[in-house]
Amino acid sequence: SVMQRLRTFKMLNAMGTKPYGIQVFRSKAWVEVSTADLLPGDMLELTATRAPPPPKDGAAPTAEEDKFAPDIVPCDCVIIRGEAVANEASLTGESAPQMKDALS
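Residues numbered from 1 in each chain as written. Predicted model: local features only at pLDDT ≥ 70, side-chain atom pairs only at ≥ 80, totals over all residues. Heavy atoms only, no water.

Peer 1: Hey, could you run me through the sheet that holds strand E3 (residues 43–44) in this one?
Peer 2: Pairing between the strands of a sheet is mediated by backbone hydrogen bonds and can be parallel or antiparallel. Taken together, the three strands give an open sheet; going across it, the order is E2-E1-E3, and neighbouring strands pair in antiparallel fashion. Edge positions in the sheet fall to strand E2 (29–34) and E3, since each of these pairs with one other strand and no more. For strand E1 (residues 21–26) and E2, the ladder comprises six bridges, and the chain directions are antiparallel. Within E2, the position partnered with Arg26 by the bridge is Ala29. (Pairing = 2+ DSSP bridges. Helix = DSSP H or I, 4+ residues; strand = E, 2+ residues; numbered from the N terminus.)

Peer 1: Is there a simple way to explain unusual backbone geometry in this structure?
Peer 2: Trans peptide bonds make up most of the peptide bonds, and negative phi angles are found at most residues other than glycine. Not every positive phi belongs to a glycine, and Ser27 is a case in point at roughly 50°. Mapped onto the secondary structure, Ser27 falls in the loop between E1 and E2. Overall, Ser27 belongs to the exposed group, its relative accessible area being 74%. Phi is positive for Lys28, close to 65°, though the residue is something other than glycine. With respect to the helices and strands, the residue Lys28 is situated in the loop between E1 and E2. (Buried < 20%, exposed > 50% of the residue type's maximum accessible area, 1.4 Å probe, protein only.)

Peer 1: Is there a simple way to explain a nonpolar patch on the surface in this structure?
Peer 2: A surface patch of nonpolar side chains, amounting to about 780 Å² of accessible area, comprises Val2, Met3, Leu6, Phe9, Met11, Leu12 and Met15. Positionally, Phe9 belongs in helix H1 (residues 2–15). (Patch = residues over 30% accessible without salt bridge, like charges linked within 9 Å, V, L, I, M, F, W, Y side chains within 5 Å. Areas by Shrake-Rupley, 256 points an atom, 1.4 Å probe, with all protein chains shown as cover. Salt bridge = Lys/Arg side-chain N within 4 Å of Asp/Glu carboxyl O.)

Peer 1: It is not clear to me how H1 should be interpreted in this structure. Could you clarify?
Peer 2: Since the α-helix advances by 3.6 residues per turn, residues separated by three or four positions end up pointing in the same direction. An ideal rise of 1.5 Å per residue puts 20 Å on 14 residues; H1 measures up with 20 Å between its terminal C-alpha atoms. By the criterion of burial, H1 is predominantly exposed, with just zero of the 14 residues buried. (Expected span 1.5 Å × (residues − 1).)

Okay, structure coming up:
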């Protein structure tokens, strides 16, 4: 039924990655944009992840702690330099993460 489909779509949307800020090279400069605003051809910067510092005494995360991006990039990417481990299970059904290398 239509109601069941709407509930299913709502549930699937809730399971998706929430947008976050990421560095993108546009108009000859690096700028921060939301992952929801990525465009085809954007060059983006991913850095090695490191754990954010723990909050002090159970306090809410500070602005600095909020800046750590999750390790999920909601787009197709070509690696220009470096390497990454990619979990493509939602795309290919492959259960094991795959090592990805830069173009040579």
